[in-house]
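Inside the fold
Each chain, written out:
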Amino acid sequence: MSRRTRPEKDKDKDKPAASSPVTVTVCRGCCCGTDAKHPGVDHAAQLVRLREGVGDGGQVRAVKCLDACAHSNVVVVSPSAEGRRAGGRPVWLGWVLENDMLDEISDWVRAGGPGLADPPGTLDLQEFAVSRRLRESLPG
């Protein structure tokens, strides 16, 4: 009688799932990130500052429009897989225009982000809620 072997997919069943990092999504390309809406703000430097500040603690991505223009400049901090398992949900932040706000976002991400660490400083004043329709229409 021949021996049965486990299919390849079952071999990895007991391994923990790969962890997704905290993701910082920055709205750019519409009114957020434009000199017309926010003259004097160096939007390119903001992205560089966030990417350097977050470092290996997460990832920063820029998207064209998050459709929350009344809160421009919009940043969404989404939890890691571990943070989501701990109850963390994406946090929408508006009016992110100053370096101290970017530094607080970076500190929060490096501390674990939503679900694993409380947001530092005054980020709670920047938080706003979006409709379920809007949340569900966004990629990722």
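Owing to the predicted nature of the structure, the values given are computational and were not obtained by experimental measurement.

**Describing the side chain of His38**
With respect to the element layout, His38 can be found in the loop between strand E1 (22-27) and helix H2 (43-54). Among residues more than four places away in sequence, those in contact with His38 are Cys31, His43, Ser72, Asn73 and Leu97.

**Description of the nonpolar core**
Membership of the largest hydrophobic core comes to 19 residues, with the highest contact counts inside it found for Val24, Val77 and Ile105. Mapped by element, the contributors of at least two residues to this core are E1, H2, strand E3 (75-78), strand E4 (91-93) and helix H4 (99-111). Of the residues forming this core, the biggest block, five residues, is contributed by H4. Counting residues in each nonpolar core, the second largest holds nine residues, with Cys27, Val74, Trp92 and Val130 among its members.

**What about the packing of aromatic side chains?**
Scanning the model with the defined rule gives two aromatic pairs in all. Judged by centre distance (6.0 Å) and plane angle (70 degrees), the rings of Trp92 and Phe128 are edge-to-face. Placement of Trp92 in strand E4 and of Phe128 in strand E5 (residues 127-128) is noted, with a sequence separation of 36 residues between them. Both residues of the pair, Trp92 and Phe128, count as buried. Counting every residue linked through ring pairs, the aromatic cluster contains Trp92, Trp95 and Phe128.

**Focus on the confidence of the model for the protein**
Reading predicted coordinates in detail is not appropriate for stretches of low pLDDT. Across the protein, the average pLDDT comes to 85, with 83% of residues at 70 or higher. Throughout residues 1-17 the model reports pLDDT below 50, and contacts reaching past four residues in sequence, or to other chains, amount to one contact.

Calculation notes
Residues numbered from 1 in each chain as written. Predicted model: local features only at pLDDT ≥ 70, side-chain atom pairs only at ≥ 80, totals over all residues. Heavy atoms only, no water. Helix = DSSP H or I, 4+ residues; strand = E, 2+ residues; numbered from the N terminus. Contact = heavy atoms within 4.5 Å. Core = buried A, V, L, I, M, F, W, Y, C linked by side-chain atoms within 4.5 Å. Buried < 20%, exposed > 50% of the residue type's maximum accessible area, 1.4 Å probe, protein only. Phe/Tyr/Trp six-rings, centres within 6.5 Å; stacked < 30°, edge-to-face > 60°. pLDDT = per-residue confidence, 0-100.

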